[in-house]
Amino acid sequence: MAAPAVAAERAAELRAELERHNRAYYVLDAPSIPDAEYDKLFRELQRLESDYPELLTADSPTQRVGGAPLKEFPPRRHGVPMLSLNNAFEAAEVEAFDKRVRDGLETIAAIDYAVEPKFDGLAISLTYENGVFTCGATRGDGVTGEEVTPNLRTLRCIPLRLQGEGWPALIEIRGEVLMFKADFAELNARQRERGDKEFANPRNAAAGSLRQLDSKITASRPLSFLAYGVGAGGDALAVKTHSELMDQLAAWGFPVAVERAVVTGSHGQLEFFAKIGMLRPNLPYDIDGVVYKVNRLDWQARLGFVSRAPRFAIAHKFPAEEALTVVEAIDIQVGRTGALTPVARLAPVFVGGVTVTNATLHNDDELRRKDVRVGDTVIVRRAGDVIPEVVAVVAERRSATAQPFVMPDACPVCGAHVVREPGEAVTRCSGGFSCRAQRIQAILHFAGRRMMDIEGLGERYVERLVEFDYVHGVADLYRLTLADLLEMKLRADERDGCVPETVKAGQVPTRWAENLLDGIAASRRPSLARLLFALGIRHVGESTAKTLADWLGSIERVRRAPASLLAVLPDIGATVALAIADFFAEERNVQAVDDLLSPEVGVAPADEHAPRAELAERLGWSELYAVLGVPRLTPVRARQLAAVIDGATLAAQGVNGAALSGAGIPGEVITALADWLQMRGNRGLLAAVATRRDELLAALPAVTAQDATVAALAGKTFVLTGTLPTLKRDDAKAMIEAAGGKVAGSVSKKTDFVVAGEEAGSKLEKALELGVAVIDEAELLKLLEKGVQ
DNA sequence: GCACCTCGAGTTCC
DNA sequence: CTCGAGGTGC
């Protein structure tokens, strides 16, 4: 049944009124009607929307209660990256900032700055399309965040529809989600009553509440939002200064900091800093400093950015809170690479919002520089407000008997001797794979989220699996059975002397073990890049693994590639190349990888395909152009290009537009090629490939037996006839053969394809007669790339 | 050869 | 987050 017009009208009215009261309550902090009255209107709207579902809109206040739980947060790429700010801690640094700004603007006049407190919360971006809130995301790494729209919808102080007018079709509002101190105290009291875990500080509470997959939970948490800027769509606004922009945001219905102001020069900045410092204990929310931004937006644009931070803004941070505590012990941790890291075990101390019990001392040099000894009283702070750091030792409190700490000369776990390479800061255990700690860490790395992503395989289980010898290498994970896991648990419980209630009662819980086995089984098909990263090759992290996967395409090629080949790939130099080649030269590693890939264990990359390497292996310049990944440079165009110019010349002389267009290469390809050469590193890459092409092609391993069976044209017979538009006959023959196909001289019923060009003669007739498929050059190239379906 | 940037590795707490 | 090391451009 369609909604009557009166219902639609009433719903719109209710939405507007409820949002108005919301705004009065949450943004202006001045309730406009009694709660009971609000509830009545709210329920009326809910009823209307459930009677006539078509009346339900995304911006309806009823949507603030949360919806169905999500499985995960989808990633969201920010239109304009969310940058971080540079930090200043001292007045001198603030003065230096002001000077840099004036130098940059070539003026000696005092600069006006928009200033405001720096909220201690989570940076968020809110997208409004035609004034309606459509998408909200966390900052993430600044480029890509997580979409948490349903959660943000539940925040009453985030307008679901912009008030007033003047907004562009698309605008992205930026600000901070945080929890007021009073709300935090109340929430914790509630958590305590219910026996739930309390949060350490408002920031953690806000982060934990926002990152709930179930938005109903977020809806029950007292989160607030404060806007401080705009992202995409900002340049469409009429405002000329940051302070005007903030006024505009307030007019649209966003809460903004009431403490914001405009000050002049570094003197004004420091005055504001001092004032906010005094107010800090009485502010309703936590702040960790103040932010100064050049007020004029055109000047902001002129100053621009240095790598990841704007040149027109800076965060002036309050000094990190410090506390005194006692070093109870200094332990040595052994990492995945065998690195020995001294860690100070501290008497628990509350600092910067959390209780700190450990602090890394990094390495031998650092330890000696600070001369931390067991029993010392030390000053601890949270560096960058996250990682605890021992700042200094309180010398006068040191006992006369305290001994300097010395790095052990044997690994505390396996007893192997330790080495410190000259010029390196870290001390390493030489035990390698025979060191239990390194094995445990290697397996933990393997199972990690960005590697094989084995759900449920945490530190506890890995430690036990290795300790009780159920798992020696990573491949053993895939051989575990339910019985193994239950037996292991039993042995672990016995050793720890704790027998769970359920076991005493005669039951054996198996759910966890089943889940773990599921998690392990589900990890058998990683992407090649993840698998390479998971292997834990030195110097091969996420990004290098991706480079290897992109360029070499199969694990076979990676493990057989000589260092000289690897070193030509982008961002891989001699050190990294050697580390990779060395890894695969080690018998133990080769066996471990073979084991992992064996049919019995069944791990295999899901995406082994090597468009670049396969082409490069069998072909010359034209494909090298194509494999380099220049936009718009299709294989056909690349072949045309190769006929005119080789890579060495291109790298040395750049793009000669006139010559190329004379050779029939389209303008868009020339532009794309020129752009590509302009980009960081591309010219160097081309030059490197150019000078060493023959060496590289010779070094690339031949197509393996396995590859041959999956080759694009395996077992197919081709006959060539006529003149092809861009390929020479011999080239085409070589390409087909390299892809596993055969080229015959005459057409028969065994022929699979006839490739016909200009002036094709009797062979074409014969093909038509026998009903053999006839294709042209373009279709052949497609087959070469995609294979015969 | 130096300056700059990116990536890898280690670490903490919730 | 921070440090150090490796890679690359100038």
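Because the structure is predicted, anything quoted here is derived from the model rather than measured. (Residues numbered from 1 in each chain as written. Chains lettered and ligands numbered in written order. Predicted model: local features only at pLDDT ≥ 70, side-chain atom pairs only at ≥ 80, totals over all residues. Heavy atoms only, no water.)

Asker: Describe the sheet that holds strand β2 (residues 87-88), and please don't skip the residues or the numbers.
Answerer: With respect to topology, five strands assemble into an open sheet ordered β2-β13-β10-β3-β9, the strand pairing being mixed. At either margin of the open sheet sits one strand with a lone partner, and together these are β2 and β9 (261-264). Looking at chain direction, β2 and strand β13 (residues 313-317) are connected through two bridges and run parallel. The residue of β13 that forms the bridge with N87 is A315. (Pairing = 2+ DSSP bridges. Helix = DSSP H or I, 4+ residues; strand = E, 2+ residues; numbered from the N terminus.)

Asker: Which residues make up the nonpolar core, and what values go with them?
Answerer: In terms of nonpolar packing, the biggest core is built from 58 residues, with L477, Y478, L548 and L596 touching the most fellow members. A per-element tally of this core places helix α17 (residues 528-534) first, with six residues. Setting aside chain neighbours within four positions, we find L596 in contact with F446, V474, A475, Y478, L531, L535, V601, G602 and V603. The next biggest cluster of nonpolar side chains, apart from the first, holds 35 residues, and it includes L122, I124, A205 and W252. (Core = buried A, V, L, I, M, F, W, Y, C linked by side-chain atoms within 4.5 Å. Buried < 20%, exposed > 50% of the residue type's maximum accessible area, 1.4 Å probe, protein only. Contact = heavy atoms within 4.5 Å.)

Asker: Help me get a handle on the confidence of the model for chain A, residues and values and all.
Answerer: Detailed conclusions should not be drawn from predicted coordinates in areas where pLDDT is low. With 84% of its residues at a pLDDT of 70 or more, chain A has an overall mean of 80. By mean pLDDT, helix α31 (residues 705-710) is the weakest element of chain A at 35, and β9 is the strongest at 94. Counted against residues more than four places away or in other chains, residues 701-711, with its pLDDT under 50, gives 12 contacts. (pLDDT = per-residue confidence, 0-100.)

Asker: Got a sec to walk through the packing of helix α3 (residues 91-105) against helix α9 (residues 265-279)? Specific residues and values, please.
Answerer: Their axes nearest at 9 Å, the elements α3 and α9 cross at an angle of 140 degrees. Comparing their axes, α9 and α3 come out oblique. As α3 packs across α9, the resulting crossing turns out to be right-handed. Touching A91, V94, E95, F97 and D98 of α3 are G265, S266, Q269 and L270, all from α9. (Axes fitted to C-alpha atoms, helices over the stretch in contact; angles between N-to-C directions. Parallel < 35°, antiparallel > 145°, perpendicular 65-115°, else oblique. Left-handed = near helix turned anticlockwise from the far one by under 90°.)

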